[in-house]
Amino acid sequence: MTTQADPRRQVWSAGSYDTHARFVSDLATGVVGWLAPRAGERILDLGCGDGVLTEELAAAGAQVVGVDSSEDFIAAARARGIDARLMDGQALDFTAEFDAVFSNAALHWMRDADAVVRGVARALKPGGRFVAEFGGHGNVAAIVTAMHAVASRRGGDVGLAHPWYFPAVSPYQSLLARYGFTVQRIALIPRPVVLKTGIAEWLMLFRKPFFAQFGADADSALSETVELLRPALCDADGHWTADYVRLRVEAVKP
Ligand code: BEZ
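Everything in this summary refers to the structure shown in the same document. (Residues numbered from 1 in each chain as written. Predicted model: local features only at pLDDT ≥ 70, side-chain atom pairs only at ≥ 80, totals over all residues. Heavy atoms only, no water.)

**Looking at the sheet that holds strand S2 (residues 63–68)**
- A sheet is described by the order of its strands in space; here 7 strands give the open sequence S3-S2-S1-S4-S5-S7-S6, paired in mixed fashion. Lying at the two open borders of the sheet, with one neighbouring strand each, are strand S3 (83–86) and strand S6 (182–195). Strand-to-strand twist in this sheet, taken as the mean axis angle between neighbours without regard to direction, amounts to 15°.
- Bridge analysis of S6 against strand S7 (residues 240–252) gives 13 bridges, and the strand direction is antiparallel. Each bridged residue has a counterpart across the sheet, and for Ile-189 the counterpart in S7 is Arg-246.
- Contacting S2 and S3, helix H5 (residues 71–79) crosses the sheet at an angle of about 165° to S3. (Pairing = 2+ DSSP bridges. Helix = DSSP H or I, 4+ residues; strand = E, 2+ residues; numbered from the N terminus. Axes fitted to C-alpha atoms, helices over the stretch in contact; angles between N-to-C directions. Contact = heavy atoms within 4.5 Å.)

What follows is the structure in structure tokens.
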């Protein structure tokens, strides 16, 4: 029997990510500062990607485990010497073994946020902290709107324009409270990001399944999206800026 790959599924390439999205880990100084990793702590990096940040936490003297659902990312993280495990963040399999769970730019890919927070609560020791940053309400709004318009015009699947979870502060606070967390601090942070390699590369890296649905017309759907976005996101010098908004949170399990 042959297994068919799901065309709607986001597939990661550690190489493309390094070329077009290195800014994601470069911009994590703030959330790593909130985590303030200490020597000897056991930390779970949830959605560790290629392990660049995991390595940074380990350099602070923490014992770090990384999990990610992408085989390519896990291979890249292991190549850095990280204890990286293939695991869906919506089905974490740890019980009371971490001093902290950390996550950067990953939780917006996990739409079952309830399952994520339940797994984080279970993975933490009493007194453990959950420190995360990911896309918040309004994240990449112009980009989503442009793809939505292109799908509507072309009779495509508009759902493929927005596969993410971008919560506002209040619902995320409520979700954390449901699993017994005490929120120490939480903020929605506008974070415009200059895309050094351009918007078309961003779209193809992060939303390839959206364009693939148009088959032979994928390139023209991509060009149409780029032109819709140009007035909002491209400056007079041709530099593109993505309209990122982050939700950053620190919560403690009593
Ligand atoms: C983000 O990091 O906010 C993000 C990345 C890719 C797609 C959507 C959001």
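**Some remarks on the pairing of S3**
- Direction of pairing for S2 relative to S3: parallel, over a ladder of 4 bridges. Residue Val-65 lies in a different strand from S3, and its bridge partner there is Asp-83.
- With H5 bridging S2 and the parallel S3, this β-α-β connection has right-handed handedness. (Right-handed = clockwise from strand over helix to strand, strands pointing away.)

**Some words on the pattern of salt bridges**
- In the structure shown here, the tally under the stated rule is 15 salt bridges.
- Of the charged contacts, one joins Glu-224 and Arg-154 as a salt bridge, the two residues approaching to 2.7 Å between their closest N and O atoms. Taken together, the residues Glu-224 in helix H11 (residues 218–233) and Arg-154 in helix H7 (residues 141–154) connect sequence positions 70 residues apart.
- Given a relative accessible area of 30%, Arg-154 falls into the partly exposed group.
- Arg-230 is the partner of Glu-227 in a salt bridge, and the nearest nitrogen-oxygen pair spans 2.8 Å. Of this pair, Glu-227 and Arg-230 both sit in helix H11, 3 residues apart, which is roughly one turn of the helix.
- Judged by its relative accessible area of 35%, Arg-230 falls in the partly exposed class.
- Put simply, Glu-133, Arg-191, Arg-246 and Arg-248 are held in one network by salt bridges that share partners. (Salt bridge = Lys/Arg side-chain N within 4 Å of Asp/Glu carboxyl O. Buried < 20%, exposed > 50% of the residue type's maximum accessible area, 1.4 Å probe, protein only.)

**Here's the deal with the nonpolar core**
- Of all hydrophobic cores here, the largest spans 34 residues; its most connected members are Ile-143, Ile-199, Trp-202, Leu-203 and Phe-210.
- Counting only elements with at least two residues in this core, the list comes to H5, H7, S6, helix H9 (199–206), helix H10 (208–212), H11 and S7.
- For this core, the element with the most residues is H7, which contributes 6 residues.
- Among the nonpolar cores identified, the runner-up in size contains 31 residues, and Val-65, Ala-106, Phe-181 and Leu-247 belong to it. (Core = buried A, V, L, I, M, F, W, Y, C linked by side-chain atoms within 4.5 Å.)

**Some details on the environment of Gly-51**
- Within the fold, Gly-51 resides in the loop between strand S1 (42–46) and helix H4 (52–59).
- The class of Gly-51 is buried, set by a relative accessible area of 0%.
- Linking Gly-51 and Pro-190, residues 139 residues apart in sequence, is a C-alpha distance of 25 Å.

**Some points on the site of the ligand**
- Around the ligand, the neighbouring residues are His-108, Trp-109, Asn-139, Trp-164, Phe-166, Trp-202, Phe-206, Tyr-244 and Arg-246.
- Between an oxygen atom of the ligand and a side-chain N or O atom of Asn-139, the distance comes to 2.7 Å.
- For the shell around the ligand, the secondary structure elements donating two or more residues are H9 and S7.
- Of the residues in the shell around the ligand, the class split is 6 nonpolar, 2 polar and 1 charged. (Near = heavy atom within 4 Å. Polar contact = N/O pair within 3.5 Å; in protein donor to acceptor, adjacent residues only side chain to side chain. Nonpolar A, V, L, I, M, F, W, Y, C, P; charged D, E, K, R; others polar.)

**Some words on the packing of helix H6 (residues 113–123) against helix H8 (residues 169–178)**
- Contact geometry of H6 with H8 gives a least axis separation of 9 Å together with a crossing angle of 45°. Viewed along their axes, H6 and H8 adopt a mutual orientation that is oblique. Where H6 crosses over H8, the handedness of that crossing is right-handed. The segment H6 lies against H8, with Ala-113, Asp-114 and Val-117 engaging Tyr-172, Leu-175, Leu-176 and Arg-178.
- Grouping the amino acids of the contact of H6 with H8 by side-chain chemistry returns 5 nonpolar, no polar and 2 charged. (Parallel < 35°, antiparallel > 145°, perpendicular 65-115°, else oblique. Left-handed = near helix turned anticlockwise from the far one by under 90°.)

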